[in-house]
Amino acid sequence: MDIFTLEHSGSTYKNGELINGLYSKQWIERYLEPGEFSFSASPTEELREKLAIGTLISHTNTEEVMIVEDHQIEEKAGSSPVFTVTGRSLDSFIESRAATDDGLGFRGKHDSGVAPLVLYDGTAWPYFFEDLTPPELAVKLLEEALEPDKAIRTAFAIPNLAVSHNITTTYTSKKRDVQRGDLAQQILDILGDIEAGIKSQRPDSSHSNLKLLIHKGVNRKDTVRFSYEKGDVLDAKYFWSSRAYRNSAYITTRFQGKYVTLGAAGGTSGLTRRVHFIDATDIEKATTWDRVAEIYDILETRAKRELRKSKRERVILEAKVSPNSQFKYREHYKIGDIVRVDGNYDISANMRVVEYAESDDGSGSIGVPTLEQVRTNDDSDLDIFDEGAERGGTDGVS
């Protein structure tokens, strides 16, 4: 694992010096949450300068970019001091931006001229709204927070950073309530709804910018198949339950409400119709009746988002893959990819690569991926469940 710095040069970032003198290295890449790293070394002035807080780094076997955030020196009697450098992937910097339209009105800056929506007591809503698909919305929020020429304030822009998505799944544009405040949490919520991830990419021969990419990996379930019997699976957790499963919901504000069903729930009744109550008192009716239909749309969209989170747990929740597996990370699969796991108890499942942790103590590198069961069943490009009964139907009200 050869670590090097990234140096801003003109209109791009170039590979800088290799970092020598590290006797312990850990590098963890993740699908949705920020990745992280930790290095240990002797506390030389040279290393402290090369790995100064705020420095961008990568390593020769990955495209991921991380940023140095912490320095620590620990001294103990009878032993040499230890210099520890830690940080996280570049997407963690989203925590340093806020979700806001900068005008602090009801609408985003692209909807000028639309009258603001207010609550009954006359106060403004704590949201701004966008009528976009989830990938488009995530990209727009990040562009306005970070990207040159698109950031709502020039000082927010990170030089030579580009935000994009490569998701091919078709989603319907829906008006979404984006709460002002923590941008990172809003991005996690939006991407979590559609099981998308975010990763950073350093410049290469195909592009000169740093990139933040919204993605869903690649469906490799037919070519990458980990087998319990062949020793590919080290640890696994199996769980069968319908305790938290819900397929319909009442969602209410103080003044109105709506009953919503999800997917095939319209054909269920009795013990198979499972109802969730959602408190949406943070969303209130407009003072003008011409906005009532808009509020109902917002309530329905939020109810469907919540219902998709109430999954029926019943196969392999999590699995760790042996470093000796026949399939190798970055060669056969990457973060976010869908793979197949043939586990114990005659259980098979499509799973997503959500983490890859690699470490190097000087005697060699070892890496272990972590897989999680694919959650949602609304992706048109992926059969998540084996049983046909879990698919089919349309979202609706019944």
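Residues numbered from 1 in each chain as written. Predicted model: local features only at pLDDT ≥ 70, side-chain atom pairs only at ≥ 80, totals over all residues. Heavy atoms only, no water.

Novice: It is not clear to me how the pairing of strand 5 (residues 56-59) should be interpreted in this structure. Could you clarify?
Specialist: Where burial is concerned, the two faces of strand 5 agree: the one with L56 and S58 and the one with I57 and H59 are both buried. Relative to strand 5, strand 1 (residues 3-9) runs antiparallel, the two being bridged by 4 bridges. Bridge assignment links F4 to a residue of strand 5, and that residue is S58. The sheet contact formed by strand 5 and strand 6 (residues 66-74) spans 2 bridges and is antiparallel. The partner of I57 across the bridge, within strand 6, is M66. With antiparallel pairing between neighbouring strands as the criterion, strand 5 and strand 6 make up a hairpin whose turn holds 6 residues. (Buried < 20%, exposed > 50% of the residue type's maximum accessible area, 1.4 Å probe, protein only. Helix = DSSP H or I, 4+ residues; strand = E, 2+ residues; numbered from the N terminus. Pairing = 2+ DSSP bridges.)

Novice: For this particular structure, what's the right way to read the sheet that holds strand 19 (residues 275-279)?
Specialist: Sheet strands pair via backbone hydrogen bonds, and the direction of the pair is either parallel or antiparallel. Taking strand neighbours across the sheet as the criterion, the 3 strands line up as 18-17-19 in an open arrangement whose pairing is mixed. Lying at the two open borders of the sheet, with one neighbouring strand each, are strand 18 (257-261) and strand 19. When strand polarity is set aside, the average angle formed by the axes of neighbouring strands in this sheet is 20°. Across 5 bridges, the pairing between strand 17 (residues 248-252) and strand 18 is antiparallel. Residue pairing across strands places T252 opposite G257, the latter belonging to strand 18. (Axes fitted to C-alpha atoms, helices over the stretch in contact; angles between N-to-C directions.)

Novice: I'm lost on the environment of L6 in this one. Help?
Specialist: Looking at where L6 falls in the secondary structure, it is placed in strand 1. The exposure class assigned to L6 is buried, which follows from its relative accessible area of 7%. Taking the C-alpha atoms as reference, L6 lies 9.8 Å from I67; in sequence the two are 61 residues apart.

Novice: Just to check I follow, could you spell out the packing of aromatic side chains for this structure?
Specialist: Taken as a whole, this structure holds 8 aromatic pairs when the rule is applied. Aromatic side chains F37 and F39 sit 4.7 Å apart centroid to centroid with 35° between the ring planes, which places their arrangement in the tilted category. The same class applies to F37 and to F39, which are both buried. (Phe/Tyr/Trp six-rings, centres within 6.5 Å; stacked < 30°, edge-to-face > 60°.)

Novice: Quick question: what am I supposed to make of the pattern of salt bridges here?
Specialist: Enumeration according to the criterion identifies 19 salt bridges in this entry. For R330, the salt bridge goes to E29, with nearest N and O atoms at 3.1 Å. Separated by 301 residues along the polypeptide, R330 in the loop between strand 20 (316-321) and strand 21 (338-342) and E29 in strand 3 (residues 22-30) bring together distant segments of the chain. The class for E29 is buried, based on a relative accessible area of 4%. One salt-bridge network, held together by shared partners, links E17, E46 and K50. (Salt bridge = Lys/Arg side-chain N within 4 Å of Asp/Glu carboxyl O.)

Novice: Before we go on, may I ask you to explain a nonpolar patch on the surface in this structure?
Specialist: A cluster of nonpolar side chains, Y250, V275 and F277, forms an exposed patch at the surface whose accessible area comes to about 320 Å². With respect to the element layout, Y250 can be found in strand 17. (Patch = residues over 30% accessible without salt bridge, like charges linked within 9 Å, V, L, I, M, F, W, Y side chains within 5 Å. Areas by Shrake-Rupley, 256 points an atom, 1.4 Å probe, with all protein chains shown as cover.)

Novice: Is there a simple way to think about the nonpolar core in this case?
Specialist: Within soluble globular proteins, side chains that are nonpolar generally end up buried alongside one another. In terms of nonpolar packing, the biggest core is built from 51 residues, with I214 and F226 touching the most fellow members. Those elements that provide at least two residues to this core are strand 1, helix 2 (134-146), strand 10 (161-165), helix 3 (183-193), strand 14 (210-215), strand 20, strand 21 and strand 22 (348-360). For I214, the residues in contact, after removing those within four places along its chain, are A138, V139, L142, S164, H165, N166, I167, L191, A196, G197 and I198. (Core = buried A, V, L, I, M, F, W, Y, C linked by side-chain atoms within 4.5 Å. Contact = heavy atoms within 4.5 Å.)

Novice: Got a minute to help me understand helix 2 in this structure?
Specialist: Since there are 3.6 residues in each turn of an α-helix, residues three or four apart along the chain are aligned in direction. In this model helix 2 runs 18 Å from its N-terminal to its C-terminal C-alpha over 13 residues, within 8% of the 18 Å that 1.5 Å per residue would give. Of all the 13 residues making up helix 2, 12 are buried; the element is thus mostly covered by neighbouring parts of the structure. For helix 2, the full list of buried residues reads P134, P135, L137, A138, V139, K140, L141, L142, E143, E144, A145 and L146. (Expected span 1.5 Å × (residues − 1).)

Novice: What is the right way to read unusual backbone geometry from this model?
Specialist: Comment: phi is negative for the bulk of residues other than glycine, and the bulk of peptide bonds are trans. At D149, a position not held by glycine, the phi torsion is positive, near 75°. In this fold, D149 is placed in the loop between helix 2 and strand 10. With a relative accessible area of 85%, D149 lands in the exposed category. Backbone geometry places D346, a non-glycine residue, at a positive phi of 60°. Along the polypeptide, D346 turns up in the loop between strand 21 and strand 22. On the basis of relative accessible area, D346 is assigned to the exposed category, the value being 82%.

Novice: What's the story with the pairing of strand 6 in this structure? I'm lost.
Specialist: The side chains of a regular strand alternate between both faces of the sheet. Pairing of strand 6 with strand 7 (residues 82-89), which is carried by 8 bridges, proceeds in the antiparallel orientation. Considered in strand 7, the bridge of I73 is made with F83.

Novice: What is the right way to look at the packing of helix 2 against helix 3 in this model?
Specialist: For any two helices packed against each other, the geometry comes down to the angle between their axes and how far apart the axes lie. Where helix 2 contacts helix 3, the two axes come as close as 9 Å, and the packing angle between them is 160°. Relative to helix 3, helix 2 is oriented roughly antiparallel. The chirality of how helix 2 crosses helix 3 is left-handed. Packed against helix 2, whose contacting residues are P134, L137, A138, L141, L142 and A145, the element helix 3 presents L183, I187, I190 and L191 at the interface. (Parallel < 35°, antiparallel > 145°, perpendicular 65-115°, else oblique. Left-handed = near helix turned anticlockwise from the far one by under 90°.)

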